[in-house]
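A closer look at the structure
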Amino acid sequence: METERQPAVYFIGAGPGALDLLTLRAERLLRRADLILYADSLVNPEITTLAKPGAKVIGTASLALDEIVGLMVEAVGAGRLVARVHSGDPSLYGAIREQMVALRAAGVTYAVVPGVSSLFGAAAALGVELTCPEVSQTVIISRVAGRTPVPEREDLPALATHGTTLVLFLSVAQIDEVVSQLREGGYAADTPAAVVYRATWPDQQIVQAELSALPTAVRASGITHQALILVGDALQAGPGSVPQPASRLYDPSFGHGWRAPRPGRRA
Ligand code: SAH
């Protein structure tokens, strides 16, 4: 990131969908921006209501990279502030790297404003902690190959051998393949699994099933895109399930930098 001059372009994470999951920083910049370019396939169009009068607002779903960069460079050349809005957090499957490379080549300054990833929107919808003590303390974030290839060492069966909480973006259309590869890698047939469609949007849908039953359940729901697949024993810790071990952080007999241990008390 170039920091000497004020950024002229802000890559902004819009969050998973619900407008009030925008950060305050994102809101402030959207209100100031002269040009708002937003990924209209997944970003809530209500963000455009924040645009100031006279601001130009363009959906980018149908534009190619060079067209998007051209619009940004032209606006910055005219002294305008640009908000480039991506769904969730821009650092996950956001394709911001190539835009940054092009901006840097054009001498345009930029900065990134983080957002709430759909991954966290989905975890909230499920009411689960992805890092459940003594169940899994690791979250693997991945996807299956589509038009974008995935490095061979990250093949799903290889990732599955760790048995962690696993979240897959951009993969629900290949649910059969996903489940058979996860089984091949070692997840038990009855591992808790879920698909969350359009987390935090009014039409959000949740499909929960044991891993081996997930493809049938997903097909029955009709979900084919805009969804995340979540798998792992931590998902079992949702409401109504058998309680999992509690985190040591709040155990009264366990002290840390902000609290002395209270011997004799148990969680
Ligand atoms: N940067 C985004 C991901 C962009 S890739 C983020 O952090 O969320 C697009 C993929 O993200 C979709 O195919 C889907 O897998 C997932 N996705 C985005 N928004 C979603 C939502 N509200 N609910 C479920 N999945 C979502």
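All of these numbers come straight from a predicted model, not from anything done at the bench.

A separate point is the site of the ligand. As a structural note, the neighbourhood of the ligand is formed by 18 residues, with Asp89, Leu92, Ser118, Ala199 and Ala227 the closest of them. Taking Leu92, its main chain carries an N or O atom lying 2.7 Å from a nitrogen atom of the ligand. Separating an oxygen atom of the ligand from a side-chain N or O atom of Ser117 is a distance of 2.9 Å. In the complex, 94% of the free accessible area of the ligand, which totals 550 Å², lies under the protein chains. Class assignment for the residues of the shell around the ligand results in eleven nonpolar, five polar and two charged. Both of domain 1 (9–113) and domain 2 (118–237) provide at least three residues apiece to the shell around the ligand.

Attention now moves to a nonpolar patch on the surface. Among the surface-exposed residues, Tyr93, Val139, Ile141 and Leu170 lie close enough to one another that they form a single nonpolar patch of about 320 Å² accessible area. With respect to the secondary-structure elements, Ile141 resides in strand E6 (residues 139–143). On the accessibility criterion, Ile141 (34% relative accessible area) is partly exposed.

To continue, consider the packing of helix H6 (residues 175–185) against helix H7 (residues 214–221). As a packed pair, H6 and H7 sit with axes 9 Å apart at the nearest point and diverge in direction by 165 degrees. One way to sum up the angle between H6 and H7 is to call them roughly antiparallel. Read as a crossing pair, H6 and H7 show a hand that is right-handed. On H7, the residues that touch Ile175, Asp176 and Val179 of H6 are Leu214, Pro215, Val218 and Arg219. Taken together, the residues of the contact of H6 with H7 sort by class into five nonpolar, no polar and two charged.

All right, on to the packing of helix H2 (residues 65–77) against helix H3 (residues 97–105) then. With their axes 10 Å apart at the nearest point, H2 and H3 run at an angle of 45 degrees to one another. Between H2 and H3, the interaxial angle falls into the category oblique. Taken as a pair, H2 and H3 cross one another with a handedness that is right-handed. Between H2 and H3, the residues in contact are Leu65, Ile68, Val69, Met72 and Val73 and Glu98, Gln99, Ala102 and Leu103, respectively.

Now for the sheet that holds strand E3 (residues 56–59). Sheet architecture is open: five strands sit in the order E3-E2-E4-E1-E5, paired in parallel fashion. Looking along the sheet, the strands with just one partner apiece sit at the ends: E3 and strand E5 (110–113). Recorded for the sheet is a direction-independent mean angle of 15 degrees between the axes of neighbouring strands. The pairing of strand E1 (residues 9–13) with E5 spans four bridges and is parallel. Pairing of Val9 across the sheet is with Tyr110, part of E5. Here helix H1 (residues 24–32) sits on the sheet and contacts E1, strand E2 (35–38), strand E4 (82–86) and E5; the angle it forms with E1, its principal contact strand, is near 135 degrees.

A full pass over the atoms with the stated rule returns two aromatic pairs. Centre to centre, the rings of Phe11 and Tyr110 are 6.0 Å apart; their planes meet at 75 degrees, and the pair counts as edge-to-face. Of this pair, Phe11 sits in strand E1 while Tyr110 sits in strand E5; the two residues are 99 residues apart in sequence, bridging distant segments of the chain. Residues Phe11 and Tyr110 agree in their burial class; the two are buried. The residue whose ring lies beneath Arg198 is Trp201, and the NZ or CZ to ring-centre distance is 4.0 Å.

Turning to the pairing of strand E7 (residues 165–169), a few remarks are in order. E7 sits mainly inside the fold: five of its five residues count as buried. Residues of E7 alternate between two faces, with Thr165, Val167 and Phe169 on one and Leu166 and Leu168 on the opposite face, all of them buried. Relative to E7, E6 runs parallel, the two being bridged by five bridges. Looking at E7, one finds that Ser142 is bridged to Leu168. Judged from the three bridges that link them, E7 and strand E10 (residues 227–231) form a sheet pairing that is antiparallel. Its bridge partner lying in E10, Val167 is registered against Leu230.

Procedures and definitions
Residues numbered from 1 in each chain as written. Predicted model: local features only at pLDDT ≥ 70, side-chain atom pairs only at ≥ 80, totals over all residues. Heavy atoms only, no water. Near = heavy atom within 4 Å. Polar contact = N/O pair within 3.5 Å; in protein donor to acceptor, adjacent residues only side chain to side chain. Areas by Shrake-Rupley, 256 points an atom, 1.4 Å probe, with all protein chains shown as cover. Nonpolar A, V, L, I, M, F, W, Y, C, P; charged D, E, K, R; others polar. Domains from an automatic or database assignment. Patch = residues over 30% accessible without salt bridge, like charges linked within 9 Å, V, L, I, M, F, W, Y side chains within 5 Å. Salt bridge = Lys/Arg side-chain N within 4 Å of Asp/Glu carboxyl O. Helix = DSSP H or I, 4+ residues; strand = E, 2+ residues; numbered from the N terminus. Buried < 20%, exposed > 50% of the residue type's maximum accessible area, 1.4 Å probe, protein only. Axes fitted to C-alpha atoms, helices over the stretch in contact; angles between N-to-C directions. Parallel < 35°, antiparallel > 145°, perpendicular 65-115°, else oblique. Left-handed = near helix turned anticlockwise from the far one by under 90°. Contact = heavy atoms within 4.5 Å. Pairing = 2+ DSSP bridges. Phe/Tyr/Trp six-rings, centres within 6.5 Å; stacked < 30°, edge-to-face > 60°. Lys NZ or Arg CZ within 6 Å of the ring centre and 35° of its normal.

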